[in-house]
2 protein chains.
Amino acid sequence: MSIVVVGTVAFDTVETPWGRVEKILGGSANYFSMAAQFFCPVKMVGVIGEDFPESHLEYLNSKNICTDGIVRLDGKTFHWKGEYKRDLNEAITLNTHLNVLEQFDPQLPEHYRETQFVFLANFDPRLQKQVLGQVKKTKVVACDTMNFWIEGKPEALRETLKDVDILLLNEGEARLLSGKASLLRAAKEISDMGPHKIVIKRGEHGAMLYNEGNIFVVPAYPLETIHDPTGAGDTFAGGFMGYLAKSLDPLNDTTLRKAMVYGTVMASFTVEDFSFNRLKEIDWAHIEGRYTDLLKVIHF
Amino acid sequence: MSIVVVGTVAFDTVETPWGRVEKILGGSANYFSMAAQFFCPVKMVGVIGEDFPESHLEYLNSKNICTDGIVRLDGKTFHWKGEYKRDLNEAITLNTHLNVLEQFDPQLPEHYRETQFVFLANFDPRLQKQVLGQVKKTKVVACDTMNFWIEGKPEALRETLKDVDILLLNEGEARLLSGKASLLRAAKEISDMGPHKIVIKRGEHGAMLYNEGNIFVVPAYPLETIHDPTGAGDTFAGGFMGYLAKSLDPLNDTTLRKAMVYGTVMASFTVEDFSFNRLKEIDWAHIEGRYTDLLKVIHF
């Protein structure tokens with residue numbers, strides 16, 4: 001099965017305690033796809049400007065990632081500038097140049113519309129809903145969001161959530177959306193808004209799955225060195241959805257738990273270097289190796 | 001097997017977002033014992049003042065907790081005043097009245113000295129070492145410490161750690177003691193100081209065991225309501241050591257992993273109410289129930 005992902009394709013300028021990089025490749029759809037392609041074919045939807053390198057699109061195509069849904073517009077590519085201080089769980093946005101993203105009007109190419117797995121990365125919930133109107137019949141719709149939309153477009157977000165199976169969001173966002181301090185209560189509350197499965201991402205503390213009353217918690221993969229947390233959440237989603245898309249029974253509780261472990265593994269590679277550098281170096285054996293390692297960390 | 005615990009017996013005045021309580025029963029040795037007694041007999045060592053209620057000692061005795069090692073001195077009992085704000089992982093000390101604790105000179109009664117399991121709660125590392133000099137031959141020595149000693153008496157702490165099998169400490173303390181930001185690196189570094197097993201407590205994010213290169217991570221028990229985190233760490237240690245003391249092979253990796261789960265379960269009860277209130281209500285069936293629940297949260 002293939003996955004349609006709709007999200008940003010971006011340049012990032014990032015500063016972490018371990019260095020600063022200027023205008024490197026990033027964006028939610030990019031990170032998601034680079035992780036998910038290890039599991040299944042991916043179909044991207046996004047927008048880029050004249051300055052975006054054709055070579056990266058060619059690289060994506062070489063990895064079974066279809067870029068027919070990426071539109072190139074006059075102007076510059078979306079550019080995010082951010083930094084991480086000692087608390088690597090919190091990205092501090094220094095500057096956002098939306099550029100061509102302001103004209104983002106996601107249109108799925110005809111051959112994308114039969115896809116059974118859809119991931120709506122974090123963007124305007126009104127557009128997220130518009131995308132769902134273009135797919136014919138889906139098995140799994142997963143979605144991400146952030147404080148900006150929870151506070152800025154709460155009604156539109158509520159509308160979108162009604163059609164979502166799995167919502168992925170971080171700890172603070174879960175508390176903001178639900179108004180509950182306890183993550184357990186927050187997940188229950190969000191579950192009533194539509195998505196019956198909630199994945200709460202907790203950065204270096206791992207992630208929690210709430211699946212209709214069943215809870216699964218997976219710790220982050222223990223690493224000695226973290227270089228840049230940018231993209232960790234989107235590559236988590238890529239590994240998570242990638243595993244679901246290649247499963248026979250994607251919404252089964254055990255399948256979802258294994259998907260949480262694969263998501264964690266994919267994120268662990270991303271944070272070891274800037275941009276997709278580490279994801280470009282690894283192969284399936286690396287992924288399986290860390291999957292097995294992580295099971296040893298949680299089981300006995 | 002029984003356990004000797006050396007630590008504080010105290011009054012606590014605590015303020016949390018859910019209320020304020022004045023001069024309730026607390027102290028590390030008290031919390032530890034109240035948890036460990038569900039698993040095995042406990043022998044306490046500590047100091048109290050004239051104002052400490054005899055009725056609590058009688059309660060402890062009724063629970064298979066020996067108080068022969070508790071000395072009553074002229075003066076007042078140690079009194080800690082603290083508060084927790086929104087971040088329940090961080091206790092803010094408002095005031096510490098050491099009172100009789102200033103004269104603490106731990107002496108083990110003769111019938112304590114053959115005990116095979118020793119827990120040195122957080123106190124002066126010089127005195128911790130003095131206690132170890134009084135036990136004849138031990139199977140397991142576990143120890144807790146804190147920033148105050150890591151920064152204030154680093155040499156004495158290093159001396160004590162040489163004779164310790166298991167060090168329990170929190171995230172920030174592990175980083176301070178090791179000088180390493182990564183918890184994995186911190187654990188390796190501390191391991192070289194003596195204790196081959198390190199338990200890093202992470203509050204609401206659970207706990208990590210580092211056992212000679214093997215890592216095990218257990219999440220906190222998912223709770224809807226937390227009233228007061230005071231004593232969580234010491235009751236974790238009580239459940240952890242209690243399980244080891246009743247095991248045939250206490251330093252085996254699987255035993256230690258199960259002990260981590262029992263420690264987590266005991267802490268989950270403590271935080272549901274002030275002082276030992278919740279611990280006084282539960283029985284073994286409650287403990288086994290949460291143990292089974294927690295396995296469902298981590299396994300598949």
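Calculation rules
- Residues numbered from 1 in each chain as written.
- Chains lettered and ligands numbered in written order.
- Predicted model: local features only at pLDDT ≥ 70, side-chain atom pairs only at ≥ 80, totals over all residues.
- Heavy atoms only, no water.
- 1 Å grid on protein atoms, 1.4 Å probe; cavity = no way out; pocket = protein on both sides within 12 Å on 5 of 7 lines; lining within 4 Å.
- Points joined across faces, edges and corners; volume = space filled by probe spheres on them.
- Helix = DSSP H or I, 4+ residues; strand = E, 2+ residues; numbered from the N terminus.
- Nonpolar A, V, L, I, M, F, W, Y, C, P; charged D, E, K, R; others polar.
- Buried < 20%, exposed > 50% of the residue type's maximum accessible area, 1.4 Å probe, protein only.
- Arc of directions from axis to C-beta.
- Contact = heavy atoms within 4.5 Å.
- Polar contact = N/O pair within 3.5 Å; in protein donor to acceptor, adjacent residues only side chain to side chain.
- Pairing = 2+ DSSP bridges.
- Axes fitted to C-alpha atoms, helices over the stretch in contact; angles between N-to-C directions.
- Parallel < 35°, antiparallel > 145°, perpendicular 65-115°, else oblique.
- Left-handed = near helix turned anticlockwise from the far one by under 90°.
- Least-squares fit on C-alpha atoms with pLDDT ≥ 70 in both.
- pLDDT = per-residue confidence, 0-100.
- Phe/Tyr/Trp six-rings, centres within 6.5 Å; stacked < 30°, edge-to-face > 60°.
- Buried area = accessible area lost by both parts, 1.4 Å probe.
- Salt bridge = Lys/Arg side-chain N within 4 Å of Asp/Glu carboxyl O.

**Student:** What exactly am I supposed to notice about empty space enclosed by the protein here?
**Tutor:** Here the idea is plain: a probe the size of a water molecule rolls over the atoms and shows the empty space left. In the structure shown here, the tally under the stated rule is one cavity of 30 Å³ or more. Looking at the largest cavity, it is lined by 13 residues, and the ones nearest its centre are His205(A), Val217(A), Pro219(A), His205(B) and Pro219(B). Within the residue set of the lining of the largest cavity, elements represented by two or more residues are β13 (214-218) of chain A together with β13 (214-218) of chain B. In the lining of the largest cavity, the residues fall into eight nonpolar, two polar and three charged.

**Student:** Explanation requested: helix α6 (residues 171-178) of chain B in the structure shown.
**Tutor:** Residues spaced three or four apart along an α-helix point in a common direction, a consequence of the helix completing one turn every 3.6 residues. Residues and elements named next belong to chain B. When we look at burial in α6, the residues that qualify are Glu171, Glu173, Ala174, Leu177 and Ser178. Down the axis of α6, the smallest arc covering the buried residues is 165°, so these residues share one side. On its buried face, α6 is in contact with α4 (147-152), α5 (154-161), β10 (166-170), α7 (183-191) and β11 (197-201). One side-chain oxygen at the N-terminal end of α6 lies 3.1 Å from the backbone nitrogen of glycine 172; it belongs to asparagine 170. Backbone geometry just downstream of α6 places glycine 179 in the positive-phi region, at approximately 75°.

**Student:** Can you help me understand the sheet that holds strand β2 (residues 10-16) of chain A in this one?
**Tutor:** Two orientations exist for strands paired in a sheet by backbone hydrogen bonds: parallel and antiparallel. Residues and elements named next belong to chain A. Spatially, β3-β2-β6-β7 is the arrangement adopted by the four strands of the open sheet, whose pairing is mixed. Edge positions in the sheet fall to β3 (19-26) and β7 (92-97), since each of these pairs with one other strand and no more. For this sheet, the mean inter-axis angle between neighbouring strands, taken without regard to orientation, is 15°. Sheet analysis places β2 next to strand β6 (residues 79-83), joined by five bridges and oriented parallel. Considered in β6, the bridge of valine 14 is made with glycine 82.

**Student:** Is there a simple way to explain the side chain of Thr145(A) in this structure?
**Tutor:** Residues and elements named next belong to chain A. Considering the arrangement of structural elements, one finds threonine 145 in the loop between β9 (140-144) and α4 (147-152). By relative accessible area, which is 2% here, threonine 145 ends up buried. The residues touching threonine 145, leaving out its near neighbours within four places in the chain, are Asn122, Ile150, Leu157, Leu167, Leu168 and Glu173.

**Student:** Please clarify how the pairing of strand β6 (residues 79-83) of chain B should be interpreted in this entry.
**Tutor:** Two faces, one strand: in a regular strand the side chains alternate between the faces of the sheet. Residue and element names in this part refer to chain B. Judged by how many residues are buried, β6 sits mostly within the fold: four of five residues are covered. Looking at chain direction, β6 and strand β7 (residues 92-97) are connected through five bridges and run antiparallel. Within β7, the position partnered with tryptophan 80 by the bridge is threonine 96.

**Student:** Which parts of the structure should I look at to understand the sheet that holds strand β5 (residues 65-72) of chain B?
**Tutor:** Residues and elements named next belong to chain B. Across the sheet, nine strands lie side by side as β5-β4-β1-β8-β9-β10-β11-β12-β13; this open sheet has mixed pairing. Only two strands of the sheet have a single neighbouring strand rather than two, namely β5 and β13. Pairs of neighbouring strands in the sheet enclose a mean axial angle of 15°, with direction left out of account. Where β11 meets strand β12 (residues 207-211), five bridges bridge the pair, whose relative direction is antiparallel. By the bridge assignment for β12, lysine 201 is matched with alanine 207.

**Student:** What should I look at first to understand the packing of helix α8 (residues 232-245) of chain B against helix α9 (residues 253-270) of chain B in this one?
**Tutor:** When two helices pack together, their arrangement is captured by the angle between the axes and the distance separating the axes. Residues and elements named next belong to chain B. Put simply, α8 and α9 touch, their axes get as near as 7 Å, and they point 140° apart. Classed by the angle they form, the pair α8 and α9 counts as oblique. The handedness of the crossing between α8 and α9 is right-handed. Residue-level contacts link Ala232, Thr235, Phe236, Gly239, Phe240, Tyr243 and Leu244 of α8 to Thr255, Leu256, Lys258, Ala259, Met260, Tyr262, Gly263, Thr264, Met266, Ala267 and Thr270 of α9.

**Student:** What's the story with the relation of the copies chain A and chain B in this structure? I'm lost.
**Tutor:** Between the two chain copies there is a screw-like relation: a rotation about an axis and a shift along it. Once chain A has been moved 0.0 Å along the axis and rotated by 180°, it coincides with chain B to within an RMSD of 0.0 Å. Overall, the copies show the geometry of a two-fold rotation axis. Same-surface contact between copies: 100% of interface residues of chain A are shared with the interface of chain B.

**Student:** Would you take a moment to explain the confidence of the model for chain A for this structure?
**Tutor:** Detailed reading of the predicted model is not advised wherever pLDDT is low. Per-residue confidence for chain A averages 96 on the pLDDT scale, and 100% of its residues sit at or above 70. Across the interface, the model reports ipTM at 0.90; the global pTM reads 0.94.

**Student:** It is not clear to me how the environment of Gly242(B) should be interpreted in this structure. Could you clarify?
**Tutor:** Tracing the backbone shows Gly242(B) in helix α8. Distance in space between the C-alpha atoms of Gly242(B) and Leu169(B) is 18 Å, their sequence separation being 73 residues.

**Student:** What should I look at first to understand the packing of aromatic side chains in this one?
**Tutor:** Between two aromatic rings, the relevant description is the distance of the centres plus the angle of the planes. All names here are of chain A. Counted under the stated rule, the structure contains 24 aromatic pairs over all chains. A centroid spacing of 5.4 Å and a plane angle of 85° characterise the contact between phenylalanine 39 and tyrosine 262, whose relative ring orientation is edge-to-face. Placement of the pair is phenylalanine 39 in the loop between α1 (28-36) and β4 (42-48) and tyrosine 262 in helix α9 (residues 253-270), with a sequence separation of 223 residues. Per residue, the accessibility class of phenylalanine 39 equals that of tyrosine 262, and both read buried. An angle of 15° between the planes, with centres 6.1 Å apart, marks the rings of phenylalanine 236 and phenylalanine 240 as stacked. Of this pair, phenylalanine 236 and phenylalanine 240 both sit in helix α8 (residues 232-245), four residues apart, which is roughly one turn of that helix. For the residue pair phenylalanine 236 and phenylalanine 240, the accessibility class agrees, reading buried in each case. Among the aromatic side chains, those forming a connected cluster through ring pairs are Phe39, Tyr243, Tyr262, Trp284 and Tyr291.

**Student:** Help me understand the interface of chain A and chain B, please; the structure alone is not making it clear to me.
**Tutor:** Size of an interface, as often reported, equals the accessible area lost when the parts are brought together. Of the residues lining the interface, 28 residues belong to chain A; the matching set on chain B comes to 28 residues. For the pairing of chain A and chain B, the buried interface totals around 2,500 Å² over both sides, and the portion due to carbon and sulfur atoms is 55%. Our enumeration of links across chain A and chain B arrives at eight salt bridges. Residue Lys188(B) pairs with Glu224(A) through a salt bridge whose shortest N-O separation is 2.3 Å. Taken together, chain A and chain B are joined by 17 residue pairs in polar contact (both at pLDDT 80 or more). Going through the elements one at a time, α6 (171-178), α7 (183-191), β13, α9 and α11 (284-298) of chain A are the ones with two or more residues in the side of chain A that touches chain B. Element by element, the count of residues in the side of chain A that touches chain B is highest for α11(A), at five residues. Partitioning the side of chain A that touches chain B into residue classes produces 13 nonpolar, five polar and ten charged.

**Student:** What am I meant to see in the environment of Gly239(A) here?
**Tutor:** Residues and elements named next belong to chain A. Locating glycine 239 in the fold gives a position in helix α8. Along the sequence, glycine 239 and phenylalanine 104 sit 135 residues apart, while their C-alpha atoms lie 26 Å from each other. With near-sequence residues (within four places) excluded, glycine 239 lies in contact with Ala35, Phe39, Ala259, Tyr262, Gly263 and Met266.

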